[in-house]
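Each chain is listed here by its residues.
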Amino acid sequence: MTMKPTTINRFWQSLRLGLPLLIITVAGCLHDNANHVARFDPIPMTEAIGIVNSNLSCLQGTLKAMSGNARGHFIQSDGRRRTFDLDAALLVHPPQGLRFDLSVLGNSELVFGSNDEKYWIARPADHSISWGRHGEPLANPDEDMMLHPDLILEALGIIKLPEQAQSAVGPFQRITDDFQQLLFLDLHDDGQSRVAKEYWLSRSEPQLIARIVFRDSLGSVVMQSKLSDYRKARNADLLMPHRVDVEWPTRESALSFTARAWQLLPTIDESHPAFAFPLDRGESFDYILDLNE
């Protein structure tokens, strides 16, 4: 049957009017479905901590980041903003073993290190090293390094959480739409307390650490890390973040670390030369700063 010209005109007019609405409706449905994330109901704090620690239970040995990269920016002492995009070789052995080597074409620019006694940052091109001892106060707080080596391990989310509340310091749980937040307090001599650190556990898969927040005595955020792209390590039943974004809001600085993969090296422990203090293994520097003296 042949359609009359008037009928054809009405058909195309209806199509022109209805098609945009149809496209918007379909696109809206696709957008809603794409953004929909299944969230788990809140669970007791001990169960949430158990999920995190169970994931880390097979971490026996040293973790190595494969094809790492570090990029970001920081404010220099003269006030200028400096950006960087460097290769990053990372070895970690919890709780305090670390070697974080940032380099260009194989030449080290910065080397962050830590073992069970000391932490340091070496600048091979400047023949300089700054170092300190864990648990000892800084002689000059202004000389403190922005990226503390021991905080790098914590920012990666690979330190086990305490299984139960530690008296008055926490953790205490707070529930939000997307997270179960674990709050840790710091008690002052005057009896006052403050929130010093927060672990935000995701309420969606894989229910692991999504953010870690560090606060100063006034409650301002001094450092926070966002952990994402969780995938299994190559040779272990261990989920690791393959992207870690670290920010220092008060210093207007940021660092993003990505790894193509993680590999577990079960036979390498903290006695490996990679975790040895450079001065102890015979390296020489023109400028040496002891942060505790």
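Residues numbered from 1 in each chain as written. Predicted model: local features only at pLDDT ≥ 70, side-chain atom pairs only at ≥ 80, totals over all residues. Heavy atoms only, no water.

Brief notes about the overall build of the protein
Here comes step 1: What the protein contains, in helices and strands, is three helices and 16 strands.
Here comes step 2: By residue count, 41% of the 293 residues in the protein fall in the buried class.
Here comes step 3: When contacts within the protein are restricted to residue pairs at least 6 apart in sequence, those whose partners lie at least 24 apart make up 51%.
Here comes step 4: For the protein, the accessible area works out to roughly 16700 Å², and carbon and sulfur atoms hold 53% of it. (Helix = DSSP H or I, 4+ residues; strand = E, 2+ residues; numbered from the N terminus. Buried < 20%, exposed > 50% of the residue type's maximum accessible area, 1.4 Å probe, protein only. Contact = heavy atoms within 4.5 Å. Areas by Shrake-Rupley, 256 points an atom, 1.4 Å probe, with all protein chains shown as cover.)

Some thoughts on the environment of Ile-175
Here comes step 1: With respect to the secondary-structure elements, Ile-175 resides in strand β8 (residues 172-175).
Here comes step 2: Here Ile-175 falls in the partly exposed class, since its relative accessible area comes to 38%.
Here comes step 3: Taking the C-alpha atoms as reference, Ile-175 lies 9.6 Å from Ile-43; in sequence the two are 132 residues apart.

Re the pattern of salt bridges
Note that side chains of opposite charge can pair when their charged atoms are close.
Here comes step 1: Taken as a whole and assessed by the stated rule, the structure comprises 15 salt bridges.
Here comes step 2: With a shortest N-O distance of 2.4 Å, Asp-178 and Arg-39 are connected by a salt bridge. Residue Asp-178 is located in the loop between β8 and β9 (179-187), and its partner Arg-39 is located in the loop between α1 (5-35) and α2 (45-56); the two are separated by 139 residues in the primary sequence.
Here comes step 3: We classify Arg-39 as partly exposed; its relative accessible area is 46%.
Here comes step 4: Taken together, the shared-partner salt bridges in this structure form one network comprising Arg-133, Glu-136, Asp-290 and Glu-293. (Salt bridge = Lys/Arg side-chain N within 4 Å of Asp/Glu carboxyl O.)

Focus: the nonpolar core
Here comes step 1: Counting residues in hydrophobic clusters, the biggest one holds 49 residues, and the most contacted among them are Leu-90, Val-92, Phe-100, Phe-257 and Trp-262.
Here comes step 2: Once residues lying within four places of it in the same chain are set aside, the contact partners of Leu-90 are Leu-63, Lys-64, Ala-65, Leu-98, Arg-99, Phe-100, Leu-156, Phe-257 and Trp-262.
Here comes step 3: Listed in part, the seven residues of the second largest apolar core include Val-111, Trp-120, Ala-122 and Phe-285. (Core = buried A, V, L, I, M, F, W, Y, C linked by side-chain atoms within 4.5 Å.)

Section: the side chain of Gln-224
Here comes step 1: In this fold, Gln-224 is placed in strand β12 (residues 221-232).
Here comes step 2: Within the local environment of Gln-224, its side chain forms a polar contact with the side chain of Glu-247, the two groups lying 2.9 Å apart.
Here comes step 3: Not counting chain neighbours up to four residues away, the residues in contact with Gln-224 comprise Arg-211, Ile-212, Val-213, Asp-245, Val-246 and Glu-247. (Polar contact = N/O pair within 3.5 Å; in protein donor to acceptor, adjacent residues only side chain to side chain.)

Here's the deal with the pairing of β8
Here comes step 1: As defined by bridge partners, β8 adjoins β9 across four bridges and the pair is classed as antiparallel. Looking across to β9, one finds that Arg-174 is bridged to Gln-181.
Here comes step 2: Following β8, the chain reverses through three residues before pairing antiparallel with β9. (Pairing = 2+ DSSP bridges.)

Considerations on the packing of aromatic side chains
Here comes step 1: Inspection of every chain in the model, using the stated rule, returns eight aromatic pairs.
Here comes step 2: Judged by centre distance (5.2 Å) and plane angle (50°), the ring pair of Phe-179 and Trp-200 falls under tilted. Of this pair, Phe-179 sits in strand β9 while Trp-200 sits in strand β10 (residues 193-202), and the two are 21 residues apart along the sequence.
Here comes step 3: Look at Phe-184 and Tyr-199: their rings are 5.8 Å apart centre to centre, the planes differ by 70°, and that puts the pair in the edge-to-face class. Here Phe-184 is found in strand β9, whereas its partner Tyr-199 is found in strand β10, with 15 residues between them in sequence.
Here comes step 4: Exposure remark for Tyr-199: the relative accessible area of 3% places this residue in the buried category.
Here comes step 5: Sitting over the face of the ring of Phe-184, Lys-197 holds its NZ or CZ atom 5.7 Å from the ring centroid. (Phe/Tyr/Trp six-rings, centres within 6.5 Å; stacked < 30°, edge-to-face > 60°. Lys NZ or Arg CZ within 6 Å of the ring centre and 35° of its normal.)

As for the environment of Leu-187
Here comes step 1: By secondary structure assignment, the location of Leu-187 is in strand β9.
Here comes step 2: Residues Leu-187 and Val-169, spaced 18 residues apart in sequence, show a C-alpha to C-alpha distance of 7.1 Å.

Brief notes about α2
Here comes step 1: With twelve residues, α2 extends 17 Å between its outermost C-alpha atoms, agreeing within 8% with the 16 Å of an ideal straight helix rising 1.5 Å per residue.
Here comes step 2: Restricting attention to buried positions, one finds in α2 the residues Met-45, Ala-48, Ile-49, Val-52, Asn-53, Asn-55 and Leu-56. Taken end-on, α2 shows its buried residues confined to a sector of 155°, consistent with a single buried face.
Here comes step 3: Lining the buried residues of α2 we find β8, β9, β10, β11 (209-215) and β13 (239-248). (Expected span 1.5 Å × (residues − 1). Arc of directions from axis to C-beta.)

These values are about where atoms sit, not about what they do.
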